[in-house]
Each structure stands twice: as C-alpha cells, then as structure tokens.
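Structural description and commentary
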Amino acid sequence: MNIYLHLRIVGALLITLGLAHSTFGRYFKWKSELAPLSLLTRQIFQVHGFFIVLVVAMIGVCSAFFTDALLERGALSRVVLSGFVIFWVSRLVCRFFVYDPNIWRGRRFYTTMHVVFSIFWVYTVLTYGAALRMVWNG
C-alpha cells in the first residue's frame, strides 16, 4: 500500500471518530457527570469538546478527500503535515502519560478500546510522519 491509501484510510477513520463523538456524551453520561460543575466550566468543556471533534473531522476530510494537495511538495503541505504530526504525537503521549491506567485496567471493554486506540494513534502518527518525510525530502 502507498502513502495515498494510508492517508485516505486515516482520513476515513478520523471522520468516523468525529461522527462517533456524537454518542460519547450519552455513553459516558456527561450530563450527570458535568452537572455539579459551574456553568462556565461545563460550557468550556462542551465547547472545547465540539471544537476537538471539528478539528479531528477536518483533519479527516483533508486526508481523505484532499490527499493529492496534502502531498504536494511545498511549504504549505510541510506546515500542515508538521501540525498533524505534532497534534497526533501529542495525543499519543497523552494516551500513555496523562490518562490513568486505572481507567481501563481490569475492564474488558475499556482495555480493548485502550489497545485499539493506541494502535490507531501509532498508525496515524506513522502515516502523517511518512507523508511529511515524503513532502520534505521529495
């Protein structure tokens, strides 16, 4: 498989993740979880969550539907792909150094999701890293 196909796969997965986020609030019972918080804190959480979903979906759209433009050799593609790499490396680091393992340990579904998303973030980082190397080195 070539980098074009990998970018399209990652793009489709990110779009799917963005759409799936619409169910997270119900699944994680965010309405009751957030109720004790102040109105400002609750609304900041909701707004930040919305924008994270928007950015993830936009990265997915870029990767899935504008693959050729993303891989054109030039300053813009290098900057955009560098941003994607930084974003997803940061997300991967959070996976292992911010989230407490007690969240998923001993819970079959959460452990499965931890492994699946760990693999997904690694795949995403490697894909964007390969694309960046391609547009950087030519």
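Reference entry: report on the structure contained in this document.

Criteria and thresholds
- Residues numbered from 1 in each chain as written.
- Predicted model: local features only at pLDDT ≥ 70, side-chain atom pairs only at ≥ 80, totals over all residues.
- Heavy atoms only, no water.
- Helix = DSSP H or I, 4+ residues; strand = E, 2+ residues; numbered from the N terminus.
- Expected span 1.5 Å × (residues − 1).
- Contact = heavy atoms within 4.5 Å.
- Buried < 20%, exposed > 50% of the residue type's maximum accessible area, 1.4 Å probe, protein only.
- Core = buried A, V, L, I, M, F, W, Y, C linked by side-chain atoms within 4.5 Å.
- Axes fitted to C-alpha atoms, helices over the stretch in contact; angles between N-to-C directions.
- Left-handed = near helix turned anticlockwise from the far one by under 90°.
- Nonpolar A, V, L, I, M, F, W, Y, C, P; charged D, E, K, R; others polar.

1. Brief notes about helix α5 (residues 75-97)
Between the first and last C-alpha of α5 there are 32 Å, a value that for 23 residues agrees with the 33 Å anticipated at 1.5 Å per step. Where α5 is buried, its residues meet α1 (3-27), α3 (39-65), α4 (67-70) and α6 (108-137).

2. Considerations on unusual backbone geometry
What you tend to see is this: most non-glycine residues have negative phi, and most peptide bonds are trans. At Lys29, a residue that is not glycine, the phi angle is positive and equals roughly 55°. One can find Lys29 in the loop between α1 and α2 (30-34). A relative accessible area of 54% means that Lys29 is categorised as exposed.

3. Quick notes on the nonpolar core
Counting residues in each nonpolar core, the largest one holds 21 residues, and the members touching the most others are Leu7, Leu14, Leu81, Phe84, Trp88, Trp121 and Tyr128. Broken down by secondary-structure element, the contributors of at least two residues to this core are α1, α3, α5 and α6. For this core, the leading source of residues is α6, giving seven residues. Not counting chain neighbours up to four residues away, the residues in contact with Tyr128 comprise Leu7, Val10, Leu14, Ile59, Ser63, Leu81, Phe84, Val85 and Trp88.

4. Digging into the packing of α1 against α6
If you want to describe how two helices pack, look at the angle between their axes and the distance between the axes. For the pair α1 and α6, interaxial distance at closest approach is 10 Å and the crossing angle is 145°. Note that α1 runs across α6; the crossing there is left-handed. Mapping the contact onto sequence places Ile3, Tyr4, His6, Leu7, Ile9, Val10, Leu13, Leu14, Leu17 and Tyr27 in α1 and Phe109, Tyr110, Phe117, Phe120, Trp121, Tyr123, Thr124, Thr127, Tyr128, Ala130, Ala131 and Met134 in α6. Taken together, the residues of the contact of α1 with α6 break down into 19 nonpolar, three polar and no charged.

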